[in-house]
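Structural overview
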Amino acid sequence: MIPRAAKTQRRTRIQEEKEEKILQAALDVFSAYGFRGATIDQIAEAAGMSKPNLLYYFRTKEAIHRALLDRMLFTWLEPLQAFDSEGNPETEIRSYIRRKLEMSRDYPRESRLFANEIIQGAQHIEDGLKGPLKELVDEKAEVIRAWIKAGKIAKCDPYHLIFSIWSTTQHYADFDVQVQAVLGDKSGEGRFEDAARFLEDLFMRGLGIK
């Protein structure tokens, strides 16, 4: 999704900065209220600019939302793309768990944006889910099957293994308020390292990797 201002013949640094300011403000609004609950007026206010000025850069709320989703999907796919078929299963799975937890720590708004979009039916990202995401998961499922066939990990359903890693790691972004409330005094930044160690051990044991 190309911002309206990006279609001008010469795109200036100020235009780029304004677009990024709008996207960052929209990320706050969409992650808090979802697509249906968010409004252009809320985004303009959060960006500290007038509604007409915002609409110069993005014609509609849908255009802003789609730009964020496209960026987010690219970011979300990157750790799974790094899953190396030539690598050691233990190293690859441990690394994937940690990278997903790092994303939960560093991109909580993006994670909530994605969760809200899925809960609301994924109408703005369905093509991405059925296209690039599905193709990548299918490809990595074959990698996992090869590891199983070679006796490197215990027999399991590759898709549900990937889903399980997604759900357990993204919990620390989507439900961070709950995590911090329950952990209390233990809810500092160290909670992500504690989670990484626990989840690595959980999956290694489940997959028969010692």
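Every chain begins its residue count from 1, and numbering advances along the sequence as written. Restriction of local features to residues with pLDDT of at least 70 applies here, the model being predicted, together with a cutoff of 80 or more for giving and counting side-chain atom pairs; totals for whole chains, interfaces and linings are based on all residues. The side-chain quantities take in all heavy atoms of the structure and omit both hydrogens and water.

**Quick notes on the packing of aromatic side chains**
Pairing of aromatic side chains requires ring centres within 6.5 Å, counting the rings of Phe and Tyr and the six-membered ring of Trp. Pairs whose planes differ by under 30 degrees are stacked, by over 60 edge-to-face, and all others tilted. Per the counting criterion, the structure on display carries five aromatic pairs. Each ring, one from Phe30 and one from Phe35, has its centre 6.2 Å from the other, and the planes form 20°; the classification is stacked. Both residues of the pair, Phe30 and Phe35, count as buried. When the ring of Phe83 is compared with that of Trp147, the centres are 5.4 Å apart and the planes differ by 50°; the resulting orientation is tilted. Summary of the burial criterion: residues with accessible area below 20% of their type's maximum are buried, those above 50% are exposed, and those between are partly exposed, where the area comes from a 1.4 Å probe applied to protein chains only.

**Brief notes about the UniProt feature "domain: HTH tetR-type" (unreviewed entry) in the protein chain**
Here the UniProt feature "domain: HTH tetR-type" (unreviewed entry) sits at residues 16–76. When the span residues 16–76 is considered, its composition is 87% helix and 0% strand, and the gap between its end C-alpha atoms is 23 Å. UniProt positions are given in the numbering used here, feature names are shortened, and annotations may be inferred rather than shown by experiment. The helix count covers DSSP runs of H or I at least four residues long, the strand count covers runs of E at least two residues long, and both are numbered beginning at the N terminus.

**Focus on unusual backbone geometry**
The phi dihedral of Ala122 falls on the positive side, at around 60°, and the residue is not glycine. With respect to the element layout, Ala122 can be found in the loop between α6 (108–119) and α7 (126–149). Ala122 sits in the buried class, given a relative accessible area of 7%.

**Examining the pattern of salt bridges**
Put simply, a salt bridge is a Lys or Arg side-chain nitrogen that is within 4 Å of an Asp or Glu carboxyl oxygen. Using the criterion set out here, one finds 20 salt bridges in the structure. Two residues, Arg71 and Glu20, come together in a salt bridge whose shortest N-O distance is 2.8 Å. On the criterion of sequence distance, the pair formed by Arg71 in helix α4 (residues 61–81) and Glu20 in helix α1 (residues 13–37) is long-range, its members being 51 residues apart. Relative accessible area serves as the criterion here: at 36%, Arg71 is assigned to the partly exposed category. Note that Arg197 is salt-bridged to Glu193, the shortest N-O span being 3.4 Å. Separated by four residues within a single helix, Arg197 and Glu193 lie in helix α10 (residues 190–206), roughly one turn from each other. Arg197 gets classed as partly exposed once you look at its relative accessible area, which sits at 45%.

**Describing the packing of α4 against α6**
Only C-alpha atoms enter the line fits that serve as axes; for helices the fit covers just the stretch in contact. Angles between N-to-C directions range over 0 to 180 degrees. Look at α4 against α6: their axes get within 10 Å of each other, and the N-to-C directions meet at 110°. Here α4 lies roughly perpendicular to α6, going by the angle between them. Where α4 crosses over α6, the two elements pack in a sense that is left-handed. Across from His65, Leu68, Leu69, Met72 and Trp76 in α4, the residues of α6 making contact are Glu110, Ser111, Leu113, Phe114 and Glu117. Under the convention adopted here, Pro, Cys and the residues Ala, Val, Leu, Ile, Met, Phe, Trp and Tyr are nonpolar, Asp, Glu, Lys and Arg are charged, and Gly plus all remaining residues are polar. In terms of residue class, the contact of α4 with α6 is built from six nonpolar, two polar and two charged. Angles are sorted into four bins: roughly parallel if under 35 degrees, roughly antiparallel if over 145, roughly perpendicular if 65 to 115, and oblique for all others. Each crossing gets its hand from how the near helix is turned against the far one by less than a right angle, where anticlockwise is left-handed and clockwise is right-handed. The contact definition used throughout considers only heavy atoms, calling two residues in contact when any of these lie within 4.5 Å.

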